[in-house]
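Commentary on secondary and tertiary structure
Single-letter residue listing:
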Amino acid sequence: MKNKGTSFYIEAGKRAMQWHQEHIKKMKQCRFDTIAVHGIYSMQEALDFNQGSIIEPIYMSTSQTYRDSDEMEAGLSYQIPTWCYSRIGNPSIYYLEGVLALLESYGTDLEASCIATASGMAAIQSAVDPFLVVHKQKPGAPMNFVSTCQLYGGTFQQFAVRKDEEKHIQWRKVLNPTDTQEWENLIDENTRFLYGELPSNPSQGFFDIARVAEVAHRHNLPFIVDSTVATPALLRPLAHGADIVVQSVSKSLFTSGFGIAGAIISRKNICSNIDNDPMKADFSTYLKLLPNRDNGPNISPMNAILALNDIRTIRSRMDMVSRSTETVARFLAQHKHIEGVDYLGMEDHPLHDLAKKYLFLVDSEHDELYKQKVNRYGHLMSFRIKGDAKDTRRVFDAFQRIYRATDLGRIKSVATIPAISTHQQQGEEGRKLAGIPANLIRLCVGAEHPEDIIADINQALTVLDGKEVSSSAPEYSAGGASSSRLG
Ligand SMILES: *Cc1c(COP(=O)(O)O)cnc(C)c1O
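Before going further, it helps to spend a moment on helix α5 (residues 91-104). With 14 residues, α5 extends 20 Å between its outermost C-alpha atoms, agreeing within 8% with the 20 Å of an ideal straight helix rising 1.5 Å per residue. When you tally the buried positions in α5, you get 13 out of 14 residues, the bulk of the element.

With that settled, the discussion passes to the site of the ligand. The local shell around the ligand holds 14 residues, among which G120, D226, S248, S250 and K251 are the closest. In the complex, the protein chains occlude 94% of the 380 Å² of accessible area that the ligand would expose alone. Residue composition of the shell around the ligand, by class: five nonpolar, six polar and three charged.

With that out of the way, let us pick up the nonpolar core. Across soluble globular proteins, you tend to see nonpolar side chains buried next to one another. Counting 96 residues, the largest nonpolar core has L100, L194, F223, L332, M381, F383 and I457 as the members making the most contacts within it. No other element matches α5, which puts eight residues into this core. Residue contacts for L194: discarding those within four places in its chain leaves V146, W183, I187, V212, V215, A216, L221, P222, F223 and I224. Counting 28 residues, the second largest nonpolar core, distinct from the first, contains I124, F131, F193 and L287.

Under the definition given, this model contains 24 salt bridges. A salt bridge links E11 to K14; its shortest N-O distance comes to 3.6 Å. Of the two residues, E11 and K14 both sit in helix α1 (residues 6-28), three residues apart, roughly one turn of that helix. Close ionic contact of R172 with D188 constitutes a salt bridge, the shortest N to O distance being 3.1 Å. Note that R172 is positioned in strand β3 (residues 169-174) and D188 in the loop between α8 (180-186) and β4 (191-197), a separation of 16 residues in sequence. Using a relative accessible area of 26% as the deciding quantity, one classes D188 as partly exposed. Three or more residues are tied together by salt bridges with common partners; here these are D33, R315 and D367.

The rules we used
- Residues numbered from 1 in each chain as written.
- Predicted model: local features only at pLDDT ≥ 70, side-chain atom pairs only at ≥ 80, totals over all residues.
- Heavy atoms only, no water.
- Helix = DSSP H or I, 4+ residues; strand = E, 2+ residues; numbered from the N terminus.
- Expected span 1.5 Å × (residues − 1).
- Buried < 20%, exposed > 50% of the residue type's maximum accessible area, 1.4 Å probe, protein only.
- Near = heavy atom within 4 Å.
- Areas by Shrake-Rupley, 256 points an atom, 1.4 Å probe, with all protein chains shown as cover.
- Nonpolar A, V, L, I, M, F, W, Y, C, P; charged D, E, K, R; others polar.
- Core = buried A, V, L, I, M, F, W, Y, C linked by side-chain atoms within 4.5 Å.
- Contact = heavy atoms within 4.5 Å.
- Salt bridge = Lys/Arg side-chain N within 4 Å of Asp/Glu carboxyl O.

Shape is all these values report; function is a separate question.
Take a look at the structure:
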């Protein structure tokens, strides 16, 4: 049998890519919900390649077979779209990446690309490492990056320990991120990127994305934003000038809690003072084909499709859980055992006005229920108990429906005490920087009816009624019920 020749496959590959690009362009015309539901998977793809399957199939195969050596050569040199090996390319992963790129660039004419990773932490590492490389002209020069300190605990550790302490890549901490001048003052010729998380987990930090992006770009630096808490249903940082968005897909996007996943979504032609043109031209694709191919932090196809399946309902879910969170926050704010509630949706939050400028339910103006742009603030909030660390644990231990878990974004309500869980490792000093007091409970309201969540919190707070009495009560006073549970 005569081989078809590499050029035959390259031509066929070009036609396929063009067809895909046109389909993606068509999807970009659709509303957010339609994109979330269909992503980049089409009827034609279902019929021609997937036995008509209306749901994106889970391709568990590690690799694809090639028709001949010519097709293999074209595939492995990236001259044609290929599923050569699942660490680099896989159809199921491609569907997840396609939908996230469209959702994060929704409402703009930006062409975004995406690479999915095994976790949010892998996404953060993958997003920052390409900038932390040695300059050929200045091999011995130190490196630094400028970032907020109100960060997810894992990110705090990655920056403080893995980068700063172990590699001497200096983390220049922005203490008041709403002060754009402070960001600017920390930048010098050895700065590689600007980084911020908003709303931050759990302390609800916020800053003016557009103004920080402007500072970054004035210094030819990329601005990386962790937008996990908002999800693209409430905020799309690329539209405000961010170059790269990281998502812990594990959270609200993957609400069922079936797995861990992360993603990087980038605009084309990002700013950077690193001399690497392919990286700047299409950051996510560059990561996919080169650094992440070599480092291997990639997601499994199973998790990709499970996440994709939850993403279909992200808009209506974020609307619902945001409204419920507001209801719960208002209840907590007037409770006698509560010192304070931190929720960006509350008018008395110092960052409320700034958050109000940025956090909107996408497409609410096209929703016949709302007919206008409405603010929604997500389902992460925290509250402080009137009392010490011990009192806080007692309230926390009394929850009967709200799960005690270091998790958020779940369809079920979950709560944690950050000082003893997510932010335990960074010590008192680090917690102070991140704004985490010992009496803080982080609550992420799920999709239950808010009245039932309020009832659970209300009964838990009764442990603080007449403190003296209950503190002298025996350890396991509930008798049968609690001891049988222990046994
Ligand atoms: C959970 C989380 C991460 C880390 O994501 P994983 O998927 O758990 O690795 C990063 N940023 C934020 C804001 C998070 O909440």
